[in-house]
Amino acid sequence: MNDTRMTNRILRTALSVSLAGVVALGTFGTVSLQNAQAEEGGAGAGSDASAAASADAASGSADNATSSSDATAGGSASSGEAGDEGSKSAASSVNTTPKDEVVYARLAGDGAVNSVYVVNVLSPEKPGAVTDYGDYASVTNLTDTSAIEQDGDALTVDVTGESFRYQGDLADTNLPWNVSVTYTLDGKPMSASDLGGASGALEITIDTKRNDAVDPTFFDNYLLQVTLAFAEGKATNVATPDGQIALAGSNTQVTFTGMPGKDGSFTATADVTDFEMDGASLAAVPFSMVIESPDKEGLLSGFVQLADGVGELKDGADQIASGAQDLSAGAGEMASGISGIADGAAGVSSGAGDIAAGANGIASGLEAYQQGLNAQAQQSQSSIIDTSAQSQAYQAAMQTYVGAFAMAYHAADPETVGPEVAMAQAQQATAAQAAEVQTALQALVTVEAANAAYGAVAQTLSSAAAGLDAESDGQSLIGGIKALAAGASSLAAGAEELSGGASSAAAGANSLSSGAGELAGGAGQLADGTGSLYTEIQAMPDTVSEEIDTMIAEYSKSDFEPTSFTSSKNTDVTLVQFVMATEPIVAPEQSEPESQPAEDTFWDRLLALFGIGD
């Protein structure tokens, strides 16, 4: 869900601000490990000066980690004042002396572990013998020249001052994180040993994953900072999609942050020339912080307002759907009625045609009586009404009404007042045009009714003609029948035109009905969609609130208590931190060309002549 991703991003941003205090940890870790590596040999050989230097390096590590103002005792002394009695004999099963542990690891260029050692800082409440625990292959006193008694995993030392530091090389090189470092140059995989002195487009990827062979306490509760330092003149165009880039002296430093309990993958790119660089450094410290719950009420109120707005939208969509359905039904009824008019006009046209054909036949048969029936034929012809005018008047009235109704409907703005109100206003506005249509139709129907009677008249004239004298009345009868035929033909033509116009109107009404039907369907889908959206948005505040609570619970580590990395028998540990570094990438040494012997000068030859010189 997009809202969940946004909530995660906001919370991670807040966390990143709180982590500003550990930004310098990568530099500290690299320097401390390099100092310890450089001085380890002297301390192991028993050199007092080297041992003191190593002790100073370890003390600096502890001072940086615990922010103590005591340069001699380091942070572990001040942070361990609340510890229990620390003097224990070698036979003790646990060590309750307050202590700090700084775990150093030398990694190969690909991240594999070469060696791990721990600088232990013991801070008893009073001088005396202290027994510490750890599975060490060897130990080195970093405080003075006294011996350390080692019996299995128990190491007993005599603490004469406020604190005692010693180094223990672990037999087990497993760390809480499995580290993998890969390199590509110009898109091709490269090993760290082959990168020294190389040039091209470099990509470095560092992957960190949980090591199941180690207590998950450290992986789940420690913040991991990864640092790459690109030397000036060796790398340009340094970029990363994952971390932060900053200048550290003349170097360009890229820093990545790995969250507790999460695997990490960090990538940096650069254009390198005669490439060399210090090893990648990884530092891990406890992520101990309290995350206060944000103002969820203010955040969730926006979702409530959104739900209310969508609810109003749903109501409007329901009204539109209902109005569109009514419009579709009304347009369908209107199309059906106009289609009936068209069918009726077609019937009138067909009947009038039949009348015309019959009358013409009668007129042909009574041609002999034309002179006698001339007067009656003229009277019958004057009685015939031409329906074309009424038909044209009806069509004109209908077209005027349809156009006026459409304009009035759109002018009423159905999207604002609703289709039903708009239709009512349009009907009221076009009442006069509707009355004109009704009047014209009534006139046409009246004419059609009158002309329908022509058949009866023709029959009567036919019967009368049978008894008429051909000379006296025949011409009048024939003329009347011919007039009747002419009127019937005119009626058929007018009715045909009416039928055609009504058919066109019916087609338009059908189109209106179809369009209204589509509108009703779309409005129905809109109503359904807004209904579903309304349901989902109503549940969104609870979902977002649960996500926020879950993330806060995941990253709130205020109750974390340090535990010893070296042995569970060390029960009063105030701080454990990790400093890891890969081997540096060094360009191969250039062999110097052999020097050519200088040619003897005149002076050289002169001295040689007298046996003087080399």
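Model, not experiment: these values are computed from the prediction. (Residues numbered from 1 in each chain as written. Predicted model: local features only at pLDDT ≥ 70, side-chain atom pairs only at ≥ 80, totals over all residues. Heavy atoms only, no water.)

**Q** Honestly, the overall build of the protein in this entry has me stumped. Any pointers?
**A** When helices and strands are tallied, the protein shows 15 helices and 17 strands. When each of the 614 residues of the protein is scored for burial, the buried share is 42%. Intrachain contacts of the protein at a sequence separation of at least 6 include 79% that bridge at least 24 residues. Summed over all atoms, the accessible surface of the protein reaches about 30,700 Å², with 52% contributed by carbon and sulfur. (Helix = DSSP H or I, 4+ residues; strand = E, 2+ residues; numbered from the N terminus. Buried < 20%, exposed > 50% of the residue type's maximum accessible area, 1.4 Å probe, protein only. Contact = heavy atoms within 4.5 Å. Areas by Shrake-Rupley, 256 points an atom, 1.4 Å probe, with all protein chains shown as cover.)

**Q** So what exactly am I meant to see when it comes to the pattern of salt bridges here?
**A** Pairs can form between side chains of opposite charge once their charged atoms are near each other. Applying the stated criterion across every chain yields a total of four salt bridges. When the shortest N-O distance is used, the salt bridge between Asp153 and Lys569 registers 3.1 Å. Of this pair, Asp153 sits in the loop between β5 (149-151) and β6 (154-159) while Lys569 sits in the loop between α14 (474-555) and β17 (573-582), and the two are 416 residues apart along the sequence. Given a relative accessible area of 28%, Asp153 falls into the partly exposed group. In this structure, the salt-bridge partner of Arg210 is Asp212, at a minimum N-O distance of 3.4 Å. You can call Arg210 partly exposed: its relative accessible area is 38%. Among the ionic contacts, a cluster of salt bridges with common partners joins Lys99, Glu101 and Asp132. (Salt bridge = Lys/Arg side-chain N within 4 Å of Asp/Glu carboxyl O.)

**Q** Would you take a moment to explain the nonpolar core for this structure?
**A** Grouped burial of nonpolar side chains is what soluble globular proteins tend to show. Counting 55 residues, the largest nonpolar core has Leu228, Phe230 and Phe578 as the members making the most contacts within it. Residue contacts for Phe578: discarding those within four places in its chain leaves Val103, Pro176, Trp177, Phe218, Tyr222, Leu282, Ala283, Ala284 and Phe565. (Core = buried A, V, L, I, M, F, W, Y, C linked by side-chain atoms within 4.5 Å.)

**Q** Help me understand the packing of helix α9 (residues 388-411) against helix α11 (residues 419-429) in this model?
**A** Between two packed helices, the angle of one axis relative to the other and the distance separating the axes together describe the packing. As a packed pair, α9 and α11 sit with axes 8 Å apart at the nearest point and diverge in direction by 135 degrees. For the element pair α9 / α11, the angle class is oblique. Helix-helix and strand crossings are classified by hand; for α9 and α11 the assignment is right-handed. Contacts between α9 and α11 involve Phe405, Ala408 and Tyr409 from the first element and Pro419, Ala422, Met423, Ala426, Gln427 and Ala429 from the second. Class assignment of the residues belonging to the contact of α9 with α11 gives a composition of eight nonpolar, one polar and no charged. (Axes fitted to C-alpha atoms, helices over the stretch in contact; angles between N-to-C directions. Parallel < 35°, antiparallel > 145°, perpendicular 65-115°, else oblique. Left-handed = near helix turned anticlockwise from the far one by under 90°. Nonpolar A, V, L, I, M, F, W, Y, C, P; charged D, E, K, R; others polar.)

**Q** Even after reading the chapter, I still don't get the packing of aromatic side chains, so can you show me in this structure?
**A** Any pair of aromatic rings gets described here by the distance separating the centres and the angle formed by the planes. All chains considered together, the criterion is met by 13 aromatic pairs. Each ring, one from Tyr401 and one from Phe405, has its centre 6.1 Å from the other, and the planes form 40 degrees; the classification is tilted. Of this pair, Tyr401 and Phe405 both sit in helix α9, separated by four residues, roughly a single helical turn. The class for Phe405 is buried, based on a relative accessible area of 18%. Linked through ring pairs, Trp177, Phe218, Tyr222, Phe560, Phe565 and Phe578 together constitute an aromatic cluster. (Phe/Tyr/Trp six-rings, centres within 6.5 Å; stacked < 30°, edge-to-face > 60°.)

**Q** Even after reading the chapter, I still don't get the sheet that holds strand β16 (residues 281-286), so can you show me in this structure?
**A** Strand pairing within a sheet occurs via backbone hydrogen bonds; the two strands may be parallel or antiparallel. Strand order in this open sheet of nine strands is β4-β7-β2-β1-β17-β16-β11-β14-β13, and the pairing throughout is mixed. Two strands bound the open sheet, and with one partner strand each, they are β4 (136-141) and β13 (244-248). Between one strand axis and the next, the sheet turns by 20 degrees as a mean value, whatever way the strands run. Sheet topology places strand β1 (residues 99-107) next to strand β2 (residues 113-122); nine bridges connect them, and they run antiparallel. By the bridge assignment for β2, Val102 is matched with Val119. (Pairing = 2+ DSSP bridges.)

**Q** For this particular structure, what's the right way to read the pairing of β16?
**A** For a regular strand, the rule is simple: side chains alternate between the two faces of the sheet. Burial runs high along β16: five of the six residues are buried. One ladder, built from six bridges, connects strand β11 (residues 222-230) with β16; its direction is antiparallel. Residue pairing for β16: Leu223 is matched across the bridge by Val285. Strand direction decides the pairing type here: β16 and β17, joined by four bridges, are antiparallel. Bridge pairing in β17 links Ala284 to Phe578.

**Q** Explanation requested: the environment of Thr269 in the structure shown.
**A** Assignment of secondary structure puts Thr269 in strand β15 (residues 264-272). In sequence terms Thr269 and Leu185 are 84 residues apart; their C-alpha atoms lie 9.8 Å from each other. Apart from the residues lying within four places of it in its own chain, the contact partners of Thr269 are Leu202, Glu203, Asn237, Val238 and Ala239.

**Q** When you look at unusual backbone geometry in this model, what are you seeing that I'm missing?
**A** With phi around 55 degrees, Asp186 is a residue other than glycine that occupies positive phi space. Structurally, the position occupied by Asp186 is in the loop between β8 (177-185) and β9 (188-190). Under the relative-accessibility criterion, Asp186 is labelled exposed at 51%. Positive phi, close to 60 degrees, is recorded for Asp413, a residue that is not glycine. Counting through the fold element by element, Asp413 comes out in the loop between α9 and α10 (414-417). Judged by relative accessible area, which is 35%, Asp413 ranks as partly exposed.

**Q** In this structure, what is going on with the sheet that holds β5? I would like to understand it.
**A** Spatially, three strands are ordered β3-β6-β5 in an open sheet, and the strand pairing comes out antiparallel. Both outer strands of the open sheet, β3 (128-133) and β5, are each paired with one neighbouring strand and no more. Across this sheet, the average inter-strand angle for adjacent strands is 25 degrees, counted without regard to direction. Two elements, β3 and β6, share six bridges in a ladder whose sense is antiparallel. Counted as the bridge partner of Asp132 is Leu155 from β6.

**Q** Honestly, the packing of α9 against helix α12 (residues 431-452) in this entry has me stumped. Any pointers?
**A** One can describe the packing of α9 onto α12 by two numbers: an axis separation of 8 Å at closest approach and a directional angle of 160 degrees. Taken as axis vectors, α9 and α12 run roughly antiparallel relative to one another. Note that α9 runs across α12; the crossing there is left-handed. Along its contact with α9, which presents Gln390, Ser391, Ala393, Tyr394, Ala397, Met398, Thr400, Tyr401 and Ala404, the element α12 presents Gln433, Ala434, Glu436, Val437, Ala440, Leu441, Ala443, Leu444 and Val447. In terms of residue class, the contact of α9 with α12 is made up of 13 nonpolar, four polar and one charged.

**Q** I would appreciate a short explanation of the pairing of β6 in the present structure.
**A** Of all the six residues making up β6, five are buried; the element is thus mostly covered by neighbouring parts of the structure. Here β5 pairs with β6 via three bridges, running antiparallel. For Asp151, the partnering residue across the bridge sits in β6 and is Ala154. Turn length for the β5-β6 hairpin, with the two strands adjacent in sequence and antiparallel, is two residues, and the turn residue Gly152 shows positive phi of about 65 degrees.

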